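Read off the chains here:
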Amino acid sequence: MVKIKKTVEELDPYVPGRSNADLARVYGLDPADIIRMGSNENPLGPSSLAIQAINKNLHLINTYPESNIDDLKDQIASYAGVNPNEVIVGGDGADEILDVLAKTLIEPGDEYIVHPPSYMYYEFTFSVYGAVPVYARWDVEGNCLDVDSVLEAITPKTKVVFLCTPNNPTGGLIAKKDIKTILESTDALVVVDEAYWEFSGVNNLELLEEYDNLFILRTFSKVMGLAGMRIGYGIGQKEFIEYMHRVKPVFSLIKLSYIAASATLSDPEYIKESTRLSIDSREFLYDEMSKFPELKVFKSFANYILVDIRNTGMNSKKITVKLMENGIIVRDCSSFRGLDDYWIRVSVATMEEDIKFINVLKSILG
Ligand SMILES: Cc1ncc(COP(=O)(O)O)c(C=O)c1O
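Residues numbered from 1 in each chain as written. Predicted model: local features only at pLDDT ≥ 70, side-chain atom pairs only at ≥ 80, totals over all residues.

J.: Explain unusual backbone geometry here, please?
T.: The bulk of non-glycine residues show a negative phi, and the bulk of peptide bonds are trans. Backbone torsion omega between Pro 116 and Pro 117 reads -5°, so that peptide bond is classified as cis. Take Pro 117: it is sitting in the loop between strand 3 (111–114) and helix 6 (121–128). Positive phi outside glycine occurs at Asn 40, with the angle close to 55°. Along the chain, Asn 40 falls in the loop between strand 1 (35–37) and helix 3 (48–57). What makes Asn 40 buried here is the crowd of 25 C-beta atoms within 10 Å. With phi around 60°, Arg 230 is a residue other than glycine that occupies positive phi space. With respect to the helices and strands, the residue Arg 230 is situated in the loop between strand 9 (214–219) and strand 10 (232–235). (Helix = DSSP H or I, 4+ residues; strand = E, 2+ residues; numbered from the N terminus. Buried ≥ 20, exposed ≤ 12 C-beta atoms within 10 Å, placed from the backbone.)

Here's what the structure looks like:
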């Protein structure tokens, strides 16, 4: 066996949400009957314009992807209200943008700050490059960032500070004034992850004019309904984006993804309907789950809800298995740093699926 690099040898594997095919095999279910409430996807399905565009371009898959995606950058820039040269688009979702950030910035031994519980992929990617995590704290009970814990974690070695708003998996927002305080307290790049911003109606783009150490991370996987096409984007200072382009894999954004993203952005009605459906589902699930005395349900500004299940007498593994036996996937949060074995995250679904989920929950909790 060849000598593997130390950071990879020591890497904890990332635990993604489970696929329908996987569950169908294990629990003897029909994949078509499985209700997906585990991966924060879009229950509306993709935009019909995206499907049409993909179908129209299928015959082109023998050719390399576009190297010039200026028209998509223009569309993203106008959706976000920024300049096209402040945009970088990734072909393995926002996760690829995270990898490109690490490639652009990290020397082994550099520090980065995360606030567990939060999105685990930051640590997964950055640790491979020899970056050292420094842990700030998300106050789960108050569902807010412990800003002082971030300020205390900043050292001269800090290269990146990750702020996730709405935070995954808790659903809470970070106040703009707190983001400003952090931006003013460090020269490090502050990455504000807005993967779910559309469900909250709040974003932090205007801070880009004031702070040159701000970077905003976004995705087409959530409100845009394209998780399977793997498209993400980042918005930052023009010069910084140019450096990122030097190390970004040239062909990672495939043609079908590129045109699907473009078609979705040209379908504002779809984006509006996606947002509405997800918010309606979230509020319905919040109200219905709150009726179970044994569940502690957290208010969310995203398309998922964190639930403390310790008073059910089950741990997260047990309750997720019981739900899976009934064809429903929710996220067992035990792999999230900062949460113990008694948390699940429930993603929004269609109203019909929500009702089925609540009924299954009733039967499980008795
Ligand atoms: C907070 C957050 N950021 C980024 C991502 C990555 O999104 P993607 O790689 O699908 O674009 C996710 C995915 O679930 C997420 O929850």
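Now that the structure has been shown, we can carry on.
J.: In this structure, what is going on with the site of the ligand? I would like to understand it.
T.: Gly 93, Ala 94, Asp 95, Thr 219 and Ser 221 are the nearest of the 13 residues found near the ligand. Sorting elements by how many residues they give to the shell around the ligand places helix 5 (residues 93–105) first, with three residues. Grouping the constituent residues of the shell around the ligand by class yields five nonpolar, six polar and two charged. (Near = placed C-beta within 6 Å. Nonpolar A, V, L, I, M, F, W, Y, C, P; charged D, E, K, R; others polar.)

J.: What am I meant to see in the sheet that holds strand 9 here?
T.: Across a sheet, strands are paired by hydrogen bonds formed along the backbone, either parallel or antiparallel in direction. With respect to topology, seven strands assemble into an open sheet ordered 2-10-9-8-7-3-4, the strand pairing being mixed. Looking at strand neighbours, the two that pair on one side only are strand 2 (87–90) and strand 4 (132–135), the edges of this open sheet. The average undirected angle you get between the axes of adjacent strands in this sheet is 25°. Of the strand pairs in this sheet, strand 7 (residues 158–164) and strand 8 (residues 189–193) are connected by five bridges, and their pairing is parallel. The partner of Phe 162 across the bridge, within strand 8, is Val 191. Strands strand 2 and strand 10 of the sheet are contacted by helix 4 (residues 70–80), whose axis makes an angle of about 115° with strand 2. (Pairing = 2+ DSSP bridges. Axes fitted to C-alpha atoms, helices over the stretch in contact; angles between N-to-C directions. Contact = placed C-beta atoms within 7 Å.)

J.: Looking at this model, I keep getting lost on the pairing of strand 7. Mind explaining?
T.: For a regular strand, side-chain orientation follows a simple rule: the groups alternate between the two sheet faces. Among the seven residues that make up strand 7, seven are buried, leaving the element largely enclosed by the rest of the structure. Pairing analysis gives three bridges linking strand 3 to strand 7, with the strands arranged parallel. Across the sheet, Glu 111 pairs through a bridge with Thr 158, a residue of strand 7.

J.: Sorry, what's going on with the packing of helix 5 against helix 9 (residues 238–247) here?
T.: Two measures define how a pair of helices packs: the angle their axes make with one another and the distance between the axes. Direction vectors running N to C along helix 5 and helix 9 enclose 100°, while the axes themselves pass 9 Å from each other. Relative to helix 9, the element helix 5 lies roughly perpendicular. Of the residues in helix 9, those touching helix 5 at Val 100, Lys 103 and Thr 104 are Tyr 243, Met 244 and Val 247. (Parallel < 35°, antiparallel > 145°, perpendicular 65-115°, else oblique.)

J.: In this structure, what is going on with helix 10 (residues 255–265)? I would like to understand it.
T.: One turn of an α-helix holds 3.6 residues; hence residues three or four places apart share an orientation. Among the 11 residues that make up helix 10, nine are buried, leaving the element largely enclosed by the rest of the structure. Considered for burial, the residues of helix 10 that qualify are Ser 257, Tyr 258, Ile 259, Ala 260, Ala 261, Ser 262, Ala 263, Thr 264 and Leu 265. Check the buried side of helix 10 and you find it contacts helix 3, helix 4 and helix 11 (268–290).

J.: Please clarify how helix 6 should be interpreted in this entry.
T.: Within helix 6 the residues assigned to the buried category are Tyr 122, Glu 123, Thr 125 and Phe 126. In the core, the buried residues of helix 6 are packed alongside helix 5, strand 3, strand 4 and strand 7. Once helix 6 finishes, Gly 130 follows within two positions and takes phi at roughly 85°, a positive value.

J.: Would you explain the sheet that holds strand 14 (residues 343–347) in this entry?
T.: Strands sit in the order 1-13-14-12-11 across an open sheet of five strands; the sheet is mixed. With one partner strand each, in any of the chains shown, strand 1 and strand 11 (296–297) form the two edges of the open sheet.

J.: Just checking my understanding: could you explain the nonpolar core for this structure?
T.: The nonpolar side chains of soluble globular proteins are, as a tendency, buried together. Within the largest apolar cluster, 97 residues are counted, with the highest numbers of intra-cluster contacts made by Val 160, Val 161, Phe 162, Leu 163, Val 190 and Val 191. Both domains that furnish three or more residues to this core are identified here as domain 1 (6–45 + 269–365) and domain 2 (48–267). (Core = buried A, V, L, I, M, F, W, Y, C linked by C-beta atoms within 7 Å. Domains from an automatic or database assignment.)

J.: Can you help me understand the environment of Cys 144 in this one?
T.: Summarising the element assignment, Cys 144 is placed in strand 6 (residues 144–146). Taking the C-alpha atoms as reference points, Cys 144 and Gly 45, 99 residues apart in sequence, are found 31 Å from one another. With residues up to four places along the chain from it excluded, the contact list for Cys 144 reads Asp 139 and Gly 172.

J.: Looking at this structure, I do not really get the packing of helix 4 against helix 10. What am I missing?
T.: Taken N-terminus to C-terminus, the directions of helix 4 and helix 10 make an angle of 35°; their axes are 10 Å apart at the nearest point. Crossing of helix 4 against helix 10: the hand is left-handed. Of the residues in helix 10, those in contact with Asp 71, Leu 72, Gln 75 and Tyr 79 of helix 4 are Tyr 258, Ala 261, Ser 262 and Leu 265. Broken down by class, the residue content of the contact of helix 4 with helix 10 amounts to five nonpolar, two polar and one charged. (Left-handed = near helix turned anticlockwise from the far one by under 90°.)

J.: So what exactly am I meant to see when it comes to the environment of Ile 179 here?
T.: Along the polypeptide, Ile 179 turns up in helix 8 (residues 176–184). C-beta crowding within 10 Å serves as the criterion here: with 22 such atoms nearby, Ile 179 is assigned to the buried category. Put simply, Ile 179 and Pro 84 are 95 residues apart on the chain and 24 Å apart in space, counted from C-alpha to C-alpha. Beyond its immediate sequence surroundings of up to four residues, Ile 179 is in contact with Leu 163, Ile 174, Val 192, Asn 204 and Leu 207.

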